[in-house]
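# Examination of the molecular architecture
So you can see what is in the structure, the chains are spelled out below.
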2 protein chains.
Amino acid sequence: MADHPPAITGIHETVLYAPHLDHTVEFYEGVFGFPRITLSDRGASFRVDDTSVLLLFQPELAASETDGKVPAHGATGPGHICFSCEPDGLGAWRARLKNLGIAIEMERDWPTGARSIYFRDPAGNSVEIADGDIWRSPGEA
Amino acid sequence: MADHPPAITGIHETVLYAPHLDHTVEFYEGVFGFPRITLSDRGASFRVDDTSVLLLFQPELAASETDGKVPAHGATGPGHICFSCEPDGLGAWRARLKNLGIAIEMERDWPTGARSIYFRDPAGNSVEIADGDIWRSPGEA
């Protein structure tokens with residue numbers, strides 16, 4: 001393989017699947033306040049930041065109703081996503097989740113000094129919020 | 001629900017699943033050149049940019065072998081991810097994929113002026129590279 005791939009500047013679309021799309025769309029709008037870009041029976045898109053978008057798909061429809069416009073895909077079972085918050089943001093997220101009746105499944109400290117909280121969306125996807133980079137740099141001890 | 005969620009600053013982890021992890025790990029290292037952070041039977045992590053990481057998981061192991069350290073997850077079937085490249089970067093990506101014998105499944109122009117190419121990773125996930133933002137802003141006509 002060639003040694004120098006053209007640059008990739010980031011991840012534009014991150015995808016989660018939800019068999020019952022409506023409840024999960026409401027969750028990401030209501031809990032996170034992400035502005036919704038599109039909504040159909042097949043899926044929904046949300047703006048997360050200037051460069052990245054969260055896509056939710058109904059897996060059977062994403063696998064079958066592409067109309068030849070986009071390649072088919074569609075996974076089943078719980079996926080995972082981790083969002084970033086401000087370095088002092090986890091306290092406010094704990095309070096918000098408590099107010100909304102959303103159970104925190106786990107908390108974890110990381111060697112980088114960051115901390116994560118984990119909970120579930122209505123589709124069972126594992127949702128994490130981290131208050132910093134939880135991954136060391138490649139090659140770092 | 002409260003009206004002002006604490007800020008989310010981005011997506012830190014984007015996840016894809018691969019039942020045969022080795023080939024898919026080789027694909028993301030070899031095709032994209034992403035620096036690998038970690039590798040185990042259960043999964044691998046790659047640094048994509050300063051703020052985001054791509055995680056690959058073997059779905060059965062991710063669902064069963066958490067050792068209580070992280071919540072279980074694990075999806076089966078083809079997922080989807082879209083990477084961003086430089087505005088003039090798609091030509092170099094087309095050439096690289098051709099050299100590597102990787103078929104482009106589809107190309108698409110978007111109303112934003114951006115263009116995408118689609119291909120498959122060894123696990124069947126739909127991989128897209130877009131040369132700009134393919135999503136309009138929320139509320140934009």
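For the structure itself, consult the block above.
A word on the sheet that holds strand β4 (residues 53-57) of chain A. Spatial strand order, β2(A)-β3(A)-β4(A)-β1(A)-β5(B)-β8(B)-β7(B)-β6(B): eight strands in an open sheet with mixed pairing. Each edge of the open sheet is held by one strand with a lone partner, namely β2 (36-39) of chain A together with β6 (106-109) of chain B. Taking the axes of each pair of neighbouring strands and ignoring which way they run, one obtains an average angle of 20° across the sheet. Its contacts with the sheet place helix α3 (residues 90-99) of chain B against β1 (8-17) of chain A together with β5 (80-85), β6, β7 (115-120) and β8 (126-130) of chain B, and it is angled at close to 20° to β7 of chain B.

A few words on helix α3 (residues 90-99) of chain A. Those residues of α3 of chain A lying buried are L90, W93, R96 and L97 of chain A. Along the axis of α3 of chain A, the buried residues cluster in a sector spanning 120°; they form a single face. Exposed residues lying more than 90 degrees from the buried face of α3 of chain A are K98 and N99 of chain A. Summarising the contacts, the buried residues of α3 of chain A are in contact with α1 (21-32), β5 (80-85), β7 (115-120) and β8 (126-130) of chain A together with β1 (8-17) of chain B. Among the residues trailing α3 of chain A, G101 of chain A stands out with phi positive, at a value near 75°.

Right, let's talk about the packing of aromatic side chains for a bit. Residue and element names in this part refer to chain A. According to the stated counting rule, one finds 20 aromatic pairs over all chains in the structure shown. Look at F32 and F34: their rings are 5.0 Å apart centre to centre, the planes differ by 5°, and that puts the pair in the stacked class. F34 shares its class with F32; the two are buried. Seen in terms of ring centroids, F34 and F83 are 5.3 Å apart; in terms of plane orientation they differ by 45°. Their pairing is tilted. With F34 in the loop between α1 and β2 and F83 in strand β5, the pair connects residues that are 49 residues apart, well separated along the chain.

How each quantity is defined
Residues numbered from 1 in each chain as written. Chains lettered and ligands numbered in written order. Predicted model: local features only at pLDDT ≥ 70, side-chain atom pairs only at ≥ 80, totals over all residues. Heavy atoms only, no water. Pairing = 2+ DSSP bridges. Helix = DSSP H or I, 4+ residues; strand = E, 2+ residues; numbered from the N terminus. Axes fitted to C-alpha atoms, helices over the stretch in contact; angles between N-to-C directions. Contact = heavy atoms within 4.5 Å. Buried < 20%, exposed > 50% of the residue type's maximum accessible area, 1.4 Å probe, protein only. Arc of directions from axis to C-beta. Phe/Tyr/Trp six-rings, centres within 6.5 Å; stacked < 30°, edge-to-face > 60°.

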